[in-house]
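Architecture and fold: a report
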Amino acid sequence: MVSESVSPLAPEWLVAPADANGLASLVWPRSASRDNDGMLVIAGARADDLVREFGTPVVVIDEHDARSRAAETLAAFDAAASRHGGSARVYYAGKVFMSADVARWMTAEGLNIDVCSRGELETALAAGTDPARIGFHGNNKSLSELERAVTVGVGTIIVDSAIEIERLDAITRRHGRTQRVLVRVRSGVHADTHSFLATAHEDQKFGFSLAEGEQAAARIRETEHVEFIGLHCHIGSQIFGVAGFRESATRLLEVHARLLESGDVPVLNLGGGFGIAYTSVDDPADIRDLADGIVDAVAEECDRRGIPLPILAFEPGRSIFGPAGVTLYEVGTTKPITVETPSGSAQRLYVSVDGGMSDNARPALYGAQFSARIASRTSSADPALVRVVGMHCESGDIVVDNEYLPGDVTPGDLLAVPSTGAYTVALSSNYNHVPRPPVVAVRDGAARVIIRGEQIEDLLARDAGITRGVPAHHEGEK
Ligand SMILES: *Cc1c(COP(=O)(O)O)cnc(C)c1O
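On a predicted model such as this, the values are computed, not experimentally measured, just so you know. (Residues numbered from 1 in each chain as written. Predicted model: local features only at pLDDT ≥ 70, side-chain atom pairs only at ≥ 80, totals over all residues. Heavy atoms only, no water.)

1. Some points on the overall build of the protein
- Tallying secondary structure elements over the protein gives 13 helices and 23 strands in all.
- Scaling as 2.2 N^0.38, a compact globule of 478 residues should have a C-alpha radius of gyration of about 23 Å, and the protein matches this with 25 Å.
- A principal-axis box enclosing the C-alpha atoms of the protein has dimensions of 75 × 70 × 45 Å.
- For the protein, buried positions account for 53% of its 478 residues.
- Surface summary for the protein: the accessible area is close to 20700 Å², and the carbon and sulfur share equals 49%. (Helix = DSSP H or I, 4+ residues; strand = E, 2+ residues; numbered from the N terminus. Rg over C-alpha atoms; globule rule 2.2 N^0.38 Å. Buried < 20%, exposed > 50% of the residue type's maximum accessible area, 1.4 Å probe, protein only. Areas by Shrake-Rupley, 256 points an atom, 1.4 Å probe, with all protein chains shown as cover.)

So, in structure tokens, the structure goes:
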């Protein structure tokens, strides 16, 4: 039965829900539920209590959710590899969401940490991460960044250019230190959200072509202190299924096998990119099925080539941290807008919240889809098609492009947007001089700040024209 409330403005994929209060299980943190008042509860903490303490917007992280996904990912890859007599390592991709507490959670769960800037590196180190467990990425690592990484003993540097090899050669000789490196290659497999297509020449900035990568490895083997340990490839992000990974691994193993003829190649790193559910129509595979599918394919290819299974490394970020996050906003205004359609006109309800593209740039940046629910109550009102928008001075300032919410959504309601753990805080800005929200970790009903929110004073404090003081002649200035 097609519901009467289906809007002609809704995109085809958006299903009008039977219950616009429901919390789709793959989209929300595992602990999310509603209590008897209809209030959203995350890891035992009520949304209204969190908002009373921390204000809105606030980014709420279910600590147990993030940690258990980290542990399950490592267990899944390790189990898959051990079935073939091998082993696996998992690096948490710190760019997704980096803070000292999160670095500690990840290492406590047995993961390593990937960083791709000086700031991420220093955060991981300040958190007490064993440098040997850090992987350092980036296409433009500076001399001073490389020097810092080598001298603190970063475990693996993922080399991205010929220039970087010479820099590392010079730095390691100067300090008399050995540095292990992976060589990042473009496998020619470009993973799209739901499909992958092979391209002969990938026109993007990262890594070496497969042929160049082989030469880079040979050059590294000539150096005194830079130690080549294997190939690395990251095919993309928000990928569903294993086909792209299998194809990429197959292409890498051809070069890997040739490199084995002239030395050790202990590691193969296949990157991250596992997709998550942002809306109820996304259907990501279980991590165990992904791990089995990818590792079995690698093992099969190694068998075929008669080479040993290398230590397999993976670098997931989004799939570990994305589903753990929920952003809470307060609804400020609502506005029905009439839109002309081929068959007459239809209404879209614009729901404005007290944040937007400064705390979640993904819709504006990539046209990303999210979902939303009223957090502070349930409602039996008929669902209405809404667009949740922020408070910034741009019409592209969209938080949730398409969603059905109870039609009585109104100012003062708390609105929750799930799956905001990854690439939201990390990409946040002060656009329109909006302070960035606090990030709060919740566990067993207790909440604590892991990144403090900014105040207007923080913004004013950076403005030299303010901190310098108002000049005495200012009043009369023409
Ligand atoms: C971004 C990135 C990742 C993590 O990607 P997800 O889609 O968040 O899993 C892993 N490796 C590299 C090199 C990356 O750039």
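Resuming the write-up.
2. Observations concerning the side chain of Glu63
- Among the structural elements, Glu63 can be located in helix H2 (residues 63–82).
- Reaching out from Glu63, the side chain makes a polar contact with the side chain of Trp105 at a distance of 3.5 Å.
- Contacts of Glu63, omitting those with residues within four sequence positions, involve Trp105, Val442, Arg443 and Arg448. (Polar contact = N/O pair within 3.5 Å; in protein donor to acceptor, adjacent residues only side chain to side chain. Contact = heavy atoms within 4.5 Å.)

3. A word on the UniProt feature "binding site: pyridoxal 5'-phosphate" (unreviewed entry) in the protein
- When the UniProt feature table is mapped onto this chain, "binding site: pyridoxal 5'-phosphate" (unreviewed entry) is found at Gly273, Glu315, Pro316, Gly317, Arg318 and Tyr423.
- Here Gly317 lies in the loop between strand E15 (311–314) and helix H10 (318–321).
- Those residues in contact with Gly317, other than ones at most four positions away along the chain, are Tyr92, Ala93, Val96 and Gly322.
- Arg318 has contacts with Val96, Ser237, Gln238, Phe274, Ile276, Tyr278, Pro323, Arg362, Ala422 and Tyr423, leaving out every residue within four places of it along the chain.
- A polar contact is formed between the side chain of Arg318 and the side chain of Ser237, at a distance of 2.8 Å. (UniProt positions renumbered as here; feature names shortened; annotations may be inferred.)

4. A look at the pairing of strand E21 (residues 414–418)
- Counting buried residues in E21 gives five out of five residues, a clear majority hidden from the surface.
- Residues Leu414, Ala416 and Pro418 line one face of E21 and the alternating positions Leu415 and Val417 line the opposite face, and both faces are buried.
- Note: strand E16 (residues 325–341) against E21, five bridges, orientation antiparallel. By the bridge assignment for E21, Val326 is matched with Pro418.
- With two bridges connecting them, strand E18 (residues 373–374) and E21 associate as antiparallel partners. Bridge pairing in E21 places Arg373 opposite Ala416. (Pairing = 2+ DSSP bridges.)

5. Re the pattern of salt bridges
- Summed over the entire model, instances satisfying the criterion amount to 34 salt bridges.
- In this structure, Arg46 engages Asp35 in a salt bridge whose closest nitrogen and oxygen atoms are separated by 2.6 Å. Highlighted residues: Arg46 in strand E3 (residues 45–46) and Asp35 in the loop between strand E1 (33–34) and strand E2 (40–42), separated in sequence by eleven residues.
- When the shortest N-O distance is used, the salt bridge between Arg67 and Glu63 registers 3.0 Å. Of this pair, Arg67 and Glu63 both sit in helix H2, separated by four residues, roughly a single helical turn. Grouping residues by exposure puts Arg67 and Glu63 together as buried.
- In the salt-bridge network here, residues are joined through shared partners; they are Asp35, Asp37, Arg46, Asp48, Asp49 and Arg52. (Salt bridge = Lys/Arg side-chain N within 4 Å of Asp/Glu carboxyl O.)

6. Here's the deal with helix H8 (residues 243–260)
- The end-to-end C-alpha separation of H8 is 25 Å, in line with the 26 Å expected for 18 residues at 1.5 Å each.
- Every buried residue of H8 is accounted for by Gly244, Phe245, Ser248, Ala249, Leu252, Leu253, Val255, His256, Ala257 and Leu259. (Expected span 1.5 Å × (residues − 1).)

7. A few points about the packing of aromatic side chains
- Under the counting rule described, the total for this entry stands at seven aromatic pairs.
- Ring-pair connections join several aromatic residues into one group, and the members of that group are Phe77, Phe245, Phe274 and Phe314.
- The ring of Phe136 has Lys141 lying over it, and the distance from NZ or CZ to the ring centre is 5.9 Å.
- Lying over the aromatic face of Phe206, Arg184 brings its terminal NZ or CZ to 4.3 Å of the ring centre. (Phe/Tyr/Trp six-rings, centres within 6.5 Å; stacked < 30°, edge-to-face > 60°. Lys NZ or Arg CZ within 6 Å of the ring centre and 35° of its normal.)

8. Focus on the site of the ligand
- Near the ligand lie 15 residues; those nearest to it are Lys95, Ser237, Gly273, Glu315 and Tyr423.
- Between the ligand and Ser237 there is a distance of 2.3 Å, counted from an oxygen atom to a side-chain nitrogen or oxygen.
- Considering the ligand on its own, with 390 Å² of exposed area, one finds that the protein chains cover 93% of that surface. (Near = heavy atom within 4 Å.)

9. Let's talk about the side chain of Thr73
- One can find Thr73 in helix H2.
- Here the side chain of Thr73 touches Arg69 through a polar contact of 2.6 Å, landing on its backbone oxygen.
- Thr73 has contacts with Val90, Ile287, Pro316 and Ile320, leaving out every residue within four places of it along the chain.

10. Things to note about the pairing of strand E20 (residues 398–406)
- Taking burial as the measure, the nine residues of E20 include eight buried ones, the bulk of the element.
- Bridge analysis of strand E19 (residues 383–389) against E20 gives six bridges, and the strand direction is antiparallel. When the sheet's bridge partners are listed, Val389 is paired in E20 with Ile398.

11. Concerning helix H1 (residues 47–54)
- Within H1, the full set of buried residues consists of Ala47, Asp48, Leu50, Val51 and Phe54. Viewed end-on, H1 has its buried residues packed into an arc of 160°, placing them on one side of the element. Exposed side of H1, more than 90 degrees from the buried face: Arg52 and Glu53 are the residues found there.
- Once H1 finishes, Gly55 follows within two positions and takes phi at roughly 80°, a positive value. (Arc of directions from axis to C-beta.)

12. Some thoughts on the nonpolar core
- Core analysis: the largest hydrophobic core is formed by 83 residues, its most contacted members being Phe77, Tyr92, Phe97, Met106, Ile157, Leu231 and Phe321.
- For Phe77, the contacting residues outside a window of four places in its chain are Ala88, Val90, Phe274, Ile287, Ala291, Val295 and Phe314.
- Counting residues in hydrophobic clusters, the runner-up holds 22 residues, among them Ala47, Leu50, Leu328 and Val440. (Core = buried A, V, L, I, M, F, W, Y, C linked by side-chain atoms within 4.5 Å.)

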